[in-house]
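# What the coordinates show
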Amino acid sequence: MIERRQAAGAGNRLCIAGGPDYIFEPVRIDPHSFADPSQGKTTHVAFDWSVDFDARVLRGSVTLTLDAPRRGPLDLDTRGLTIEAVEDGDAGTLRFELGEDQPVLGRRLRIFRNEPLGVVTIRYTTSPEASALMWLEPSQTASGNHPFLLSQCQAIHARSIAPLQDTPAIRITYDATVAIPDGLSAVMSAAPGQAAGDASQLSFHMPQPIPPYLLAIAVGELDSRDLGPRTRVHAEPTVVDAAAQEFAEVEQMLEAAEGLFGPYEWERYDFIVLPPSFPLGGMENPRMTFLTPTLLAGDRSLVSVLAHELAHSWTGNLITNATNEDFWLNEGWTVYAERRIVEVLYGKEAAAQQARLGRVTLDETLKSREKAGKRTALSYDQAGLDPDGEFSKIPYEKGFLFVSALERAVGRARFDAFIKHYLSTFRFQSLTTAQFAELVGEALPDAAATVDIDAWLFTDGLPADAPTFESERLAKLSELATAWPDDPARLDQTTSDWTTTEALFFLSQLSELDAPDTEALGDWLGLRDTGNAELQCVWLARAAAADVDGIADELTAFVGRVGRTKLVVPVLQAMLEQPALSELARQLIERNHVRWHSSTRLAVATL
Ligand SMILES: [Zn+2]
């Protein structure tokens, strides 16, 4: 694995000049992309799109600028695209061919260049089924008045929006001109350009180089509120005030993060709260984080997701994984950074509690992946595997523990200096796991001597000496849960001051309950009418498992309302495993799958 990734890391040096000595055997650097850097590396992309809600397509062109003019084939990634023409910079047409449709990769678009060429333009239309795009009916929005378009490109869905070298190993800047219907507005992971006087013709510019999976667009009826000098929230008009209230602390988070990790390098930190079909808690699209509305609990109890997405501005955007095999570099580091921000804003106890709860999630994930015969190493060969199918909490929580193990080996002061060194060394670059291990060996040789880095990175399971995080309060809740519901001590408990982390941890420690005890639990913790979607999800899954009387309506409403994979999957899983509710679960999947992103559909299909 190390050798393979070292070869991938050397991709920067593989630029072979076009000409008679051109190597026709593609030099692939990413198992999830047809990109071959020896054919030229894209440095800038210009999109010209018209957003067609009736046909559910983006129509237009993309112009790719390469690092240097080259001759010979240029291989790009596509999925579901109709390619109309390929042109050189002077509108001369170029020959092209679309390869076989491959289940994970999509279709290779090969462009033939007879002369050295550094710019190509491709005219094309996306498919109504584009895996990155979600076309929502007005009824699927908060206001119900207008349709909505949103994108989710990670890990390899950008190729369904445009023909690209769709690997995070090749970073691009971009411009976009976007024509949208009257009455709607659009945001992208970019700075909005000068208003052209025509509100339906928008322009965007992204001056910092990003991996293609950070391309993002949302179009709909949007309003916004300023939250600070660099921060603004966008959302549908009926949601925007609640969103502004929920995330009012974003500027403080930004300042806390800068105190830890150095200056914020993306100018503005704006974000958008999307309609419920958005599949994730959040997506760290630079300059425009995308968030699920399930974070709007009304009491700021779920804002650590915003801290996570903000932390990506350093770990996971300023530096990104070179391939999906290095995904832990994005997420393990970002969970670590998120908990450092939480520690500054809410104290050591809050951060330790989140780490302890994270360990519960990790242990569950390790068990279920092992049972399914799936890998649990931080980095492993993913050739032929769908990144969406490999997505799990392993890169997040095991990655967090690995980063914490390095911190504990050298102490916080030295580790903080290492973080700054790491961020400045690979700023605006993509990184492999092997390159990271090499950096640790050079900069923290004593950590490399005491932490078994290879075991952490490439071995399944969890090293026996993995760091642990303790909280006295959680330990007490664990005892309470063990004795619940029979222990009369519970009656003395006031649960109204429990944090979300405490309540989730308590719920994780309970054994299986029968229907009356599950109902009593819901009443006791106020879970039946909570605005906190995470707590509601955990209770509904338990209620489904116990077949609580009359629960079908609540389950139907929840699955019909929420599109976030993390919340939909456990509820449907519990229903499918409960004979009395499995038929209803199948009906709900049938009824709701059109609202879900392709990654949510995939996760549901594997239940
Ligand atoms: Zn993340």
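Criteria and thresholds
- Residues numbered from 1 in each chain as written.
- Predicted model: local features only at pLDDT ≥ 70, side-chain atom pairs only at ≥ 80, totals over all residues.
- Heavy atoms only, no water.
- Helix = DSSP H or I, 4+ residues; strand = E, 2+ residues; numbered from the N terminus.
- Buried < 20%, exposed > 50% of the residue type's maximum accessible area, 1.4 Å probe, protein only.
- Contact = heavy atoms within 4.5 Å.
- Donors = N, O, S within 2.8 Å, 3.2 Å for Na, K, Ca; no water.
- Tetrahedral: all angles 85-135°; square planar, octahedral: opposite > 155°, others 65-115°.
- Pairing = 2+ DSSP bridges.
- pLDDT = per-residue confidence, 0-100.
- 1 Å grid on protein atoms, 1.4 Å probe; cavity = no way out; pocket = protein on both sides within 12 Å on 5 of 7 lines; lining within 4 Å.
- Points joined across faces, edges and corners; volume = space filled by probe spheres on them.
- Nonpolar A, V, L, I, M, F, W, Y, C, P; charged D, E, K, R; others polar.
- Axes fitted to C-alpha atoms, helices over the stretch in contact; angles between N-to-C directions.
- Parallel < 35°, antiparallel > 145°, perpendicular 65-115°, else oblique.
- Left-handed = near helix turned anticlockwise from the far one by under 90°.
- Salt bridge = Lys/Arg side-chain N within 4 Å of Asp/Glu carboxyl O.
- Core = buried A, V, L, I, M, F, W, Y, C linked by side-chain atoms within 4.5 Å.
- Phe/Tyr/Trp six-rings, centres within 6.5 Å; stacked < 30°, edge-to-face > 60°.
- Lys NZ or Arg CZ within 6 Å of the ring centre and 35° of its normal.

## Considerations on the side chain of Thr 78
- Summarising the element assignment, Thr 78 is placed in strand β2 (residues 57–78).
- For Thr 78, a relative accessible area of 1% puts it in the buried group.
- If we skip the residues at most four places from it in the chain, Thr 78 touches Leu 98, Leu 105, Gly 106, Arg 107, Leu 109, Arg 159 and Pro 163.

## Here's the deal with the coordination of the zinc ion
- For the zinc ion, the full set of protein donor atoms is His 308 (NE2), His 312 (NE2), Glu 331 (OE) and Glu 331 (OE), and the range of their distances to it is 2.0 to 2.7 Å.
- Note that the zinc ion binds four donor atoms; their angles at the metal cover 53 to 152°, and the shape is irregular.
- Mapped onto the sequence, the residues coordinating the zinc ion show the spacing H-x3-H-x18-E. A residue pair is termed long-range when its members are at least 10 positions apart, and His 308 in helix α4 (residues 304–311) and Glu 331 in helix α5 (residues 327–346) qualify at 23 residues. Across the pair, exposure class does not vary: His 308 and Glu 331 are buried alike.

## Structural notes on the sheet that holds strand β17 (residues 288–291)
- Reading across the sheet, the five strands line up as β13-β14-β15-β17-β16 and stay open at both edges, with mixed pairing between neighbours. The two strands at the open ends of the sheet, each matched to only one other strand, are β13 (223–228) and β16 (282–283).
- Bridge count for β13 against strand β14 (residues 231–235) is five bridges, and the pairing is antiparallel. Note that in β14 the partner of Asp 223 across the bridge is Ala 235.

## Observations regarding unusual backbone geometry
- A cis geometry characterises the amide bond from Gln 154 onward to Ala 155, with omega recorded as 0°.
- For Ala 155, the location among the structural elements is in the loop between β7 (148–151) and β8 (172–179).
- In this structure, Pro 485 follows Trp 484 across a cis peptide bond, with omega equal to 5°.
- Structurally, Pro 485 is set in the loop between α13 (472–483) and α14 (500–509).
- For Arg 300, which is not glycine, the phi torsion reads 60° and is therefore positive.
- Tracing the backbone shows Arg 300 in the loop between β17 and α4.
- According to the relative accessible area criterion, Arg 300 is partly exposed, its value standing at 30%.
- In this model, Asp 547 sits at a positive phi of 50°, which is unusual for a non-glycine residue.

## Comments concerning the confidence of the model for the chain
- Averaged over every residue, the pLDDT of the chain is 93; residues scoring 70 or more account for 95%.
- Taken as a whole, residues 1–23 scores under 50 in pLDDT and shows 45 contacts with residues more than four places along the chain or in a different chain.

## Digging into empty space enclosed by the protein
- Enumeration according to the criterion identifies three cavities of 30 Å³ or more in this entry.
- In this structure, the largest cavity spans a volume of roughly 70 Å³.
- For the largest cavity, the full set of lining residues is Asp 30, Gln 154, Ala 155, Ile 156, Pro 168, Tyr 213, Asn 321, Thr 323, Asn 324 and Phe 327.
- The residue inventory of the lining of the largest cavity, partitioned by class, reads five nonpolar, four polar and one charged.

## So, the packing of helix α6 (residues 348–371) against α14
- Put simply, α6 and α14 touch, their axes get as near as 10 Å, and they point 30° apart. Put simply, α6 runs roughly parallel to α14. Regarding α6 and α14, the two cross each other, and that crossing is left-handed. Judged by residue contacts, Gln 353, Gln 354, Arg 356, Leu 357 and Val 360 of α6 engage Thr 501, Glu 502, Leu 504, Phe 505, Ser 508 and Gln 509 from α14.
- Looking at the contact of α6 with α14 residue by residue, the classes come out as four nonpolar, five polar and two charged.

## Observations regarding the sheet that holds strand β9 (residues 185–188)
- With respect to topology, four strands assemble into an open sheet ordered β6-β7-β12-β9, the strand pairing being antiparallel. Single-partner strands in this sheet number two, and they are β6 (133–136) and β9. Adjacent strand axes in the sheet meet at a mean angle of 10°, parallel and antiparallel pairs treated alike.
- Inspection of the sheet shows β6 paired to β7 by four bridges, in the antiparallel sense. Within the sheet, the bridge partner assigned to Leu 133 lies in β7 and is Ser 151.

## Observations concerning the pattern of salt bridges
- Within this structure, the stated rule accounts for 33 salt bridges.
- Taking the shortest distance from any N to any O, the salt bridge between Arg 159 and Asp 77 comes out at 3.8 Å. In this pair, Arg 159 is assigned in the loop between β7 and β8 and Asp 77 in strand β2, connecting sequence segments 82 residues apart. An identical accessibility class is assigned to Arg 159 and Asp 77; each is buried.

## Quick look at the nonpolar core
- With 136 residues, the main nonpolar core has Ile 122, Trp 333, Tyr 422 and Phe 436 as its most contacted residues.
- In terms of residues, this core owes the most to one element, helix α8 (residues 394–410), which gives nine residues.
- Each residue touching Phe 436, except ones within four places of it in the same chain, is listed here: Trp 328, Leu 329, Trp 333, Phe 402, Leu 406, Phe 418, Tyr 422 and Leu 431.
- Counting 48 residues, the second-largest nonpolar core is a separate cluster that includes Phe 506, Ala 515, Trp 524 and Leu 567.

## Overview of the environment of Met 134
- Tracing the backbone through its elements, the reader meets Met 134 in strand β6.
- Sequence separation between Met 134 and Ile 551 is 417 residues; the distance between their C-alpha atoms is 30 Å.
- Not counting the four nearest positions on each side in its chain, Met 134 is found in contact with Phe 148, Leu 149, Leu 150, Ser 277, Pro 279, Arg 595, Trp 596 and His 597.

## Let's talk about the packing of aromatic side chains
- Per the stated rule, a full pass over the model turns up 32 aromatic pairs.
- Consider the rings of Trp 333 and Tyr 422, whose centres lie 4.9 Å apart with planes at 25°: the pair is stacked. Of the two residues, Trp 333 sits in helix α5 while Tyr 422 sits in helix α9 (residues 412–425), which places them 89 residues apart along the sequence.
- For Tyr 422, a relative accessible area of 2% gives the class buried.
- An aromatic cluster of three or more residues is present, and its members are Trp 328, Trp 333, Tyr 336, Phe 402, Phe 415, Phe 418, Tyr 422, Phe 426, Phe 436 and Trp 456.
- Positioned above the aromatic ring of Phe 112 is the side chain of Arg 95, whose terminal nitrogen or guanidinium carbon lies 4.0 Å from the ring centre.
- Looking at Arg 339, its charged tip hangs above the ring of Phe 400, at a distance of 4.5 Å from the centre.

## Description of the packing of helix α3 (residues 250–261) against α4
- Relative to each other, α3 and α4 sit at 45°, their axes nearing to 10 Å. Judged on the interaxial angle alone, α4 and α3 are oblique. α3 and α4 meet at a crossing whose hand is right-handed. Contact residues: α3 offers Val 250, Met 253, Leu 254 and Ala 257, while α4 offers Leu 306, Ala 307 and Leu 310.
- Tallied by class, the residues present in the contact of α3 with α4 amount to seven nonpolar, no polar and no charged.

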